[in-house]
Amino acid sequence: MSELALLGGSPTRTEPYPEWPVWDQRDIDAVTEVVKSGRWGGYPFPGPKTELLAKKFSELQGGGYAVPMINGTVTMEVACRAAGIGWGDEVIVPAYTFQATAAAPMAAGAIPVIVDVDPLTYCLDPKAVEKALTPKTRAIIVVHLGHQMTDMDAILAIAEKHDLIVIEDCAHAHGAKWRGRGAGTMGHFGSFSLQSSKILTSGEGGILLCRTPELAAKAASIIDCGRPHALGGGPEDYSGEYLMGSNYRLSELQAALALVGIERFPAQAKMREEMAAYMDESLSEVPGVRVLKRDPRHTARSFYRYVFAIDPQQFGVEHDVLCAAMRAEGVDCWEGYEAMHHYTLFQPQKSRLAVPNAFPEYFQFDQMSLPAAERACQHEAVWLDEAIFRLGQKGVDDAVKAISKIQQNAKELAEAAKKFRENE
Ligand SMILES: Cc1ncc(COP(=O)(O)O)c(C=O)c1O
């Protein structure tokens, strides 16, 4: 009988890890208050809860003019539009991210230029950014991926030198800090998702942090069907000029939930940091596991997921098989995103989207080679669920125990995977 649960052995854990999102009476009271008030929606923008959320969220991140909206994809489209980025402009995006990072500039008419990541951090590689610059480059979208942060010193220096807009995709980085500065407050824009898997959630939702009150006013107009808004994204300014906009307003019910989430956030962030340090230490003792580089300038880490790398040679299998084995052991685990230059839905003939069809030369994915992203996405990255940390040291110990067990039985797993593939 095999030791490995995937091959019929007993799993490391039989109890599930705790669920997300967490909630208590405060969430019920907050939603009930909004229901009873009759002010459910986002119009007129901003409603009282939305306005308070904007204030509390920029306090949490330590800066910026916050404009709440419906999700963390639209935030980046609105950022492009507020900065005047549109048809035919080039926007640099990392190859390792969720598709929204590349889809959002396309929704604004811009072309995503997919660039490689740093193999040690998995975030956008500043050297690759410099090589990708052209006279048409208007912006760089960085993604602070999983629990990592992009080298913001290098990116801001490139942006300043070439007069580029910087958008930080912080869908994974609520509470993170770079040299003491909050994620999303260093670029011109910081884009946050409040979608239900995110570590601060209102079910669905997003927040755009803007560097200036003028940019926030534009963002507020774009999400409020173009109605002019006061500086900083404040109330409607009836004397102002309309912009082209849509209805991307957050509802008051969602803002109320996000506000309760912000109350809980500091204690959760502290617990995650402590458990992640313990995870770094424990994982670094497992042969074939590489803990991702921690940059000393990354002064506060935030954990949407905990990401590490395996050496497929030492495990005898790629990360997808390892993750399947981990899940069988009762540990929530995922092999991460597909590389953006392998994302076939962006292909002109499949997407029928305006940008790929108008500029097909940017979407010749079979001719693109981005080795660091390919290695991470196809072979080595492993994403552990944040729920592991909410179970304290026991959660971490079980996850590490499962990985060690798989490592110790790697030969057997590799043989089984080979047989499986042969019979497919
Ligand atoms: C890196 C990244 N960017 C953007 C998004 C989009 O956020 P939303 O789902 O709120 O649109 C997500 C996740 O959903 C994400 O993981």
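Note: the structure precedes this text.
Participant: Would you explain the packing of aromatic side chains in this entry?
Facilitator: The description of an aromatic ring pair uses the distance of the two centres, along with the angle that the planes make with each other. Summed over all chains, the structure comprises 15 aromatic pairs. Seen in terms of ring centroids, Tyr 96 and Trp 383 are 6.1 Å apart; in terms of plane orientation they differ by 75 degrees. Their pairing is edge-to-face. Taken together, the residues Tyr 96 in the loop between β2 (90-94) and α4 (100-107) and Trp 383 in strand β13 (residues 381-385) connect sequence positions 287 residues apart. The class for Tyr 96 is buried, based on a relative accessible area of 1%. Ring geometry for Trp 334 and Trp 383: centres 5.2 Å apart, planes at 70 degrees, overall edge-to-face. Separated by 49 residues along the polypeptide, Trp 334 in strand β12 (residues 333-334) and Trp 383 in strand β13 bring together distant segments of the chain. Looking at Trp 383, the relative accessible area reads 1%, which means it is buried.

Participant: What exactly am I supposed to notice about the side chain of Asp 116 here?
Facilitator: Within the secondary structure layout, Asp 116 lies in the loop between β3 (111-115) and α5 (126-132). An unpaired buried charge is present at Asp 116: no salt bridge exists, and Lys 131, the closest side chain of opposite charge, is 9.3 Å distant. Within the structure, Asp 116 has its side chain in polar contact with the backbone nitrogen of Ala 372 (distance 2.9 Å). With near-sequence residues (within four places) excluded, Asp 116 lies in contact with Leu 124, Asp 125, Ala 128, Leu 370, Pro 371, Ala 372 and Ala 373.

Participant: Any chance you could explain the pairing of strand β8 (residues 189-193) here in plain terms?
Facilitator: The buried count for β8 comes to 5 of 5 residues, which makes it a mostly enclosed element. Of the pairings in the sheet, the one linking strand β5 (residues 165-169) to β8 comprises 3 bridges and is parallel in character. What sits directly across from Glu 168, in β8, is Gly 190.

Participant: Just to check I follow, could you spell out the packing of helix α10 (residues 319-328) against helix α15 (residues 392-408) for this structure?
Facilitator: The packing of two helices is summarised by the inter-axis angle and the distance between the axes. The interhelical angle for the contact between α10 and α15, taken along N-to-C directions, is 125 degrees, at an axis separation of 10 Å. Accordingly, the angle class assigned to the pair α10 and α15 is oblique. In this structure, α10 crosses over α15, and the sense of that crossing is right-handed. Along its contact with α10, which presents Leu 322, Ala 325 and Met 326, the element α15 presents Ala 399, Ala 402, Ile 403 and Ile 406. Residue composition of the contact of α10 with α15, by class: 7 nonpolar, no polar and no charged.

Participant: I'm lost on empty space enclosed by the protein in this one. Help?
Facilitator: One way to see where empty space is left: roll a probe the size of a water molecule over the atoms. Overall, the coordinates contain 1 cavity of 30 Å³ or more when judged by the stated rule. By volume, the largest cavity amounts to about 30 Å³. The residue makeup of the lining of the largest cavity, split by class, is 2 nonpolar, 3 polar and 3 charged.

Participant: Honestly, unusual backbone geometry in this entry has me stumped. Any pointers?
Facilitator: Trans peptide bonds make up most of the peptide bonds, and negative phi angles are found at most residues other than glycine. The step from Tyr 43 to Pro 44 runs through a cis peptide bond, and the omega angle for that step is -5 degrees. Note the cis peptide between Phe 45 and Pro 46, where omega equals -5 degrees. Checked against the element boundaries, Pro 46 lands in the loop between α1 (25-37) and α2 (48-61). At Asp 163, a residue that is not glycine, the phi angle is positive and equals roughly 55 degrees. Secondary-structure assignment places Asp 163 in the loop between α6 (152-162) and β5. For Arg 179, which is not glycine, the phi dihedral falls at a positive 45 degrees. Relative to the elements of secondary structure, Arg 179 occurs in the loop between β6 (177-178) and β7 (181-182).

Participant: Help me out: how do you make sense of the site of the ligand in this one?
Facilitator: Lining the immediate surroundings of the ligand are 17 residues, of which Thr 73, Asp 169, His 172, Ser 193 and Lys 198 lie closest. Taking Gly 72, its main chain carries an N or O atom lying 2.8 Å from an oxygen atom of the ligand. Notes on the ligand: free accessible area 380 Å², of which the protein chains cover 92%. Judged by the proximity of its atoms to the pocket grid, the ligand belongs to the largest pocket. Residues of the shell around the ligand, tallied by class, amount to 6 nonpolar, 9 polar and 2 charged.

Conventions adopted
- All chains use their own residue numbering, which begins from 1 and follows the written sequence.
- Local features in a predicted model are, by the rule used here, given only for residues with pLDDT of at least 70; side-chain atom pairs are given and counted only at 80 or more, and totals for whole chains, interfaces and linings are based on all residues.
- As a convention, hydrogens and water are excluded, and side-chain values are obtained from all of the structure's heavy atoms.
- Note on aromatic contacts: the rings of Phe and Tyr and the six-membered ring of Trp form a pair at centre separations within 6.5 Å, being stacked when their planes are under 30 degrees apart, edge-to-face when over 60 apart, and tilted otherwise.
- Only DSSP runs of H or I with at least four residues qualify as helices, and only runs of E with at least two residues qualify as strands; both kinds are numbered from the N terminus onward.
- Burial classes follow relative accessibility: with a 1.4 Å probe on protein chains only, a residue under 20% of its type's maximum area counts as buried, one over 50% as exposed, and anything between as partly exposed.
- Two residue types count as positive, namely Lys and Arg, and two as negative, namely Asp and Glu; His and chain ends fall outside the count.
- For salt bridges, the criterion is a side-chain nitrogen of Lys or Arg within 4 Å of an Asp or Glu carboxyl oxygen.
- Pairs of N or O atoms within 3.5 Å make up the polar contacts considered here, provided that, within protein, one atom can donate a hydrogen while the other can accept it, and that residues adjacent in sequence are counted only when both atoms are side-chain atoms.
- Contacts are assigned to residue pairs with any non-hydrogen atoms lying within 4.5 Å of each other.
- Only strands joined by at least two bridges in the DSSP assignment are considered to pair.
- A fitted line through C-alpha atoms serves as each axis, taken over the contacting stretch for helices, and the angle formed by two N-to-C directions is quoted from 0 to 180°.
- If an angle is under 35 degrees, it is roughly parallel; if it is over 145, roughly antiparallel; if it lies from 65 to 115, roughly perpendicular; otherwise it is oblique.
- With the far helix as reference, a near helix turned anticlockwise by less than a right angle produces a left-handed crossing, and one turned clockwise produces a right-handed crossing.
- All residues other than Ala, Val, Leu, Ile, Met, Phe, Trp, Tyr, Cys, Pro, Asp, Glu, Lys and Arg, Gly among them, are scored as polar; the first ten of these are nonpolar and the last four charged.
- Using a 1 Å grid laid over the protein atoms alone, points where a 1.4 Å probe fits but cannot get out form a cavity; open sets with protein on both sides within 12 Å along at least 5 of 7 lines form a pocket; any residue with an atom within 4 Å of a point counts as lining.
- Grid points are joined across faces, edges and corners, and a volume is the space filled by probe spheres set on the points.
- Only a single heavy atom is needed: when it lies within 4 Å of a molecule or strand, its residue is near that molecule or strand.
- Throughout, the Shrake-Rupley method with a 1.4 Å probe supplies accessible areas, and for residues the shown protein chains are the sole cover considered.
- More than half of a molecule's atoms within 2 Å of the grid points is what it takes for that molecule to sit in a cavity or pocket.

By themselves, these observations are geometric and do not establish any function.
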